[in-house]
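Observations on the three-dimensional arrangement
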Amino acid sequence: MKRFACFLQLTLLILLLSSWSCCILRIEPPTDLVVNEGFTNPIGFYDPKPRFSWKLPVTEKIKSQSAYRIVVASSPDLLPDKADFWDTKKVDSDQSVWVNYEGHGLESRQKIYWQVMFWDQNKGASQWSSVSHLELGLLNNADWQAKWISLANAEKNHRTEEGYH
């Protein structure tokens, strides 16, 4: 009976410690993900080398960032574990503004998805942020192609001082 009581106490202690550590170690994800001059999920974006920025959650526990990791992919389904465009891995840096994209070259009309996580001053890892995205516009002059718009019967419809005939 004494062994059972010790076993029960030990089990309760382990459960208490594990539930307590989960609450303490849980670090909220970064928020307000933007690119370049503060664009949130832009469409028709002009820069094939975007710069990423985010904010740390506001809590008493988080004083600063000691590292970050950014992942970029062609589909949200590939994030965060199978990023096919760029994975910074863990970068020891307190930088959370204007982090330069250094992944695969991006092209006109391309859509990319990205996430970020950070490590706090105590080296505790945050959760992943929500997925953000951007869609590039037409980046090169050659991408712009169009035909002139005109009236179907332009010869028959010409303007005079009295109006169209």
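Being a predicted model, the structure only gives us computed values, none of them experimental.

A few points about the pattern of salt bridges
- Applying the stated criterion across every chain, the model contains six salt bridges.
- Residue Arg 26 is joined to Glu 28 by a salt bridge in which the shortest nitrogen-to-oxygen separation is 3.7 Å.
- On the basis of relative accessible area, Arg 26 is assigned to the exposed category, the value being 53%.
- With a relative accessible area of 37%, Glu 28 lands in the partly exposed category.
- Across the pair Asp 47 and Arg 51 runs a salt bridge whose closest N-O atoms are separated by 3.9 Å. Comparing Asp 47 with Arg 51 shows no difference in burial state: the two are buried.
- A single salt-bridge network, built from bridges that share partners, covers Glu 37, Asp 47 and Arg 51.

Details of the nonpolar core
- Grouped together as the largest cluster of nonpolar side chains are 18 residues, with contacts concentrated most on Phe 52, Trp 54, Ile 70, Val 72, Tyr 101 and Trp 114.
- For this core, the secondary structure elements donating two or more residues are β1 (31-35), β3 (51-55), β4 (65-73), β7 (111-120) and β8 (132-136).
- Among residues more than four places away in sequence, those in contact with Trp 54 are Pro 30, Thr 31, Asp 32, Leu 33, Gln 65, Tyr 68, Ile 70, Gln 95, Ser 96, Val 99 and Val 116.

Considering the environment of Ser 96
- If you trace the backbone, Ser 96 turns up in the loop between β5 (86-87) and β6 (99-100).
- Judged by relative accessible area, Ser 96 falls into the buried class, the value being 16%.
- Residues Ser 96 and Trp 54, spaced 42 residues apart in sequence, show a C-alpha to C-alpha distance of 5.7 Å.
- When sequence neighbours within four positions are dropped, the list of residues in contact with Ser 96 reads Phe 52, Ser 53, Trp 54 and Gln 65.

Overview of the pairing of β4
- When you tally the buried positions in β4, you get nine out of nine residues, the bulk of the element.
- As judged from the eight bridges shared by β4 and β7, these two strands associate in the antiparallel manner. Residue pairing for β7: Arg 69 is matched across the bridge by Met 117.
- As judged from the two bridges shared by β4 and β5, these two strands associate in the antiparallel manner. Counterpart to Val 71 in the pairing with β5 is Asp 87.

Observations concerning the sheet that holds β1
- Pairing is antiparallel in the open sheet, where three strands are placed in the order β1-β3-β6. Edge positions in the sheet fall to β1 and β6, since each of these pairs with one other strand and no more.
- Here β3 runs beside β6; their pairing, made up of two bridges, is antiparallel. Within β6, the position partnered with Arg 51 by the bridge is Asn 100.

Digging into the packing of aromatic side chains
- Per the counting criterion, the structure on display carries eight aromatic pairs.
- The interplanar angle of 40° and the centroid separation of 4.8 Å between the aromatic rings of Phe 45 and Tyr 46 together place this pair among those described as tilted.
- Classification of Tyr 46 by relative accessible area gives partly exposed; the value is 45%.
- Measuring from centroid to centroid gives 6.3 Å for Phe 52 and Tyr 101, while their planes differ by 75°, and the two rings are edge-to-face.

Parameters and conventions
- Residues numbered from 1 in each chain as written.
- Predicted model: local features only at pLDDT ≥ 70, side-chain atom pairs only at ≥ 80, totals over all residues.
- Heavy atoms only, no water.
- Salt bridge = Lys/Arg side-chain N within 4 Å of Asp/Glu carboxyl O.
- Buried < 20%, exposed > 50% of the residue type's maximum accessible area, 1.4 Å probe, protein only.
- Core = buried A, V, L, I, M, F, W, Y, C linked by side-chain atoms within 4.5 Å.
- Helix = DSSP H or I, 4+ residues; strand = E, 2+ residues; numbered from the N terminus.
- Contact = heavy atoms within 4.5 Å.
- Pairing = 2+ DSSP bridges.
- Phe/Tyr/Trp six-rings, centres within 6.5 Å; stacked < 30°, edge-to-face > 60°.

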